[in-house]
Amino acid sequence: MSAPLQLFTALVASLMVIALPLSAQPVNLSRNFRPDPLRFDGSSAGSVSLAELSGGARGCRGFSTSQPTYTLNLKDNFPLLDLLAFTTDLESDATMLLMGDNGTVVCANNENRGRNPQISMRLTRGSYRLWIGSREANKTLRYTLSLSEIKQR
C-alpha cells in the first residue's frame, strides 16, 4: 500500500473512532482488589439532569451525559464499597449517581468534607451504572474516581 493511501486509511479509521458514541468505561471488581484504592482520572460534561436520569431520586443534583461514565461489574458481594469522586479545582462541584440493575439508586453530592460526592455502602454482586457529573450544565469537570473496600476520608 502506498504511503498516501496508508495515511488516508489511518485518517478514516481515526475519524470513525471519533464518530462512535461514547460508552461507559467498564470496571470489573472482585473482593480484595488491588490496588486499593483503585483510581481513575477523567472528565465529565453534559446537559442531562441526574435528577431526571434517577427518576427523581432524593438528593440528585448536577448534570452529565445520558450515557454513564462507568459501568461497575461486581463479581462478588461487597460488605462495603466506597466510591469517592474528587476534584482539585475549587471552582468545580462534582456530583454522582449510582444505579444498579437490582433497582439500587443512590445520589451523592457533598458527603466527603462537605465538598465531594461519596457513596459508601453494601453492594451486591451485579452491574451498576455510575455517572460523574458537574453541578453546572455543560461545565467540564476534571475528577478522580477512587474505589475502595474501606471508607475513604
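Above this note sits the structure.
All values derive from a computational prediction rather than experimental measurement. (Residues numbered from 1 in each chain as written. Predicted model: local features only at pLDDT ≥ 70, side-chain atom pairs only at ≥ 80, totals over all residues. Heavy atoms only, no water.)

**A look at the sheet that holds strand β2 (residues 38-44)**
Our working definition: The rule for pairing is simple: two strands pair if DSSP sees at least two bridges between them. Secondary structure elements are taken from DSSP: a helix is a run of H or I of four residues or more, a strand is a run of E of two residues or more, and numbering for both begins at the N terminus. Comment: axis = line fitted to C-alpha atoms, over the contacting stretch for helices; angle = value between 0 and 180 degrees taken between N-to-C directions.
Strand order in this open sheet of 4 strands is β2-β11-β6-β9, and the pairing throughout is antiparallel. Bordering the open sheet on either side are β2 and β9 (118-123), each of which pairs with just one other strand. Averaged over neighbouring strand pairs, the angle between their axes works out to 20 degrees when direction is ignored. Note that strand β6 (residues 78-86) and strand β11 (residues 141-148) share 5 bridges and pair antiparallel. Along β11, the bridge assignment pairs L83 with L147.

**Some remarks on the pattern of salt bridges**
Put simply, the rule reads: What makes a salt bridge here is a side-chain nitrogen of Lys or Arg within 4 Å of a carboxyl oxygen of Asp or Glu, nothing more. For every residue, the accessible area (1.4 Å probe, protein chains only) is compared with the maximum for its type, and the residue is labelled buried under 20%, exposed over 50%, or partly exposed between those bounds.
Tallied over the full model, the rule gives 4 salt bridges. As a salt-bridge pair, E149 and R31 come within 2.9 Å of each other at their nearest N and O atoms. Pair noted here: E149 is in the segment after β11 and R31 is in the loop between β1 (25-29) and β2, with a separation of 118 residues, a long-range link. For R31, a relative accessible area of 36% puts it in the partly exposed group. Here R135 and D93 are joined by a salt bridge, their closest N and O atoms 3.8 Å apart. Remark: D93 occurs in the loop between β6 and β7 (94-100) and R135 occurs in the loop between β10 (126-134) and β11; sequence separation between them is 42 residues. A residue is classified by how much of its surface remains accessible, and R135, at 35% relative accessible area, is partly exposed. We classify D93 as partly exposed; its relative accessible area is 22%.

**Topic: the packing of aromatic side chains**
Operational definition: What counts as a ring pair is set by centres within 6.5 Å for rings of Phe, Tyr and Trp (its six-membered ring), and what kind of pair is set by the plane angle: stacked under 30 degrees, edge-to-face over 60, tilted for all other angles.
Evaluation of the coordinates by the stated rule reveals 2 aromatic pairs. Ring centres of F33 and F78 lie 6.4 Å apart, and the angle between their planes is 50 degrees; this geometry places the pair in the tilted category. Of this pair, F33 sits in the loop between β1 and β2 while F78 is found in strand β6, placing the two residues 45 residues apart along the sequence. Each member of the pair F33 and F78 is classed as buried. Taking the centre distance of 5.7 Å and the plane angle of 50 degrees together, the rings of F40 and Y70 count as tilted. On the criterion of sequence distance, the pair formed by F40 in strand β2 and Y70 in strand β5 (residues 70-74) is long-range, its members being 30 residues apart. The burial state of F40 is the same as that of Y70; both residues are buried.

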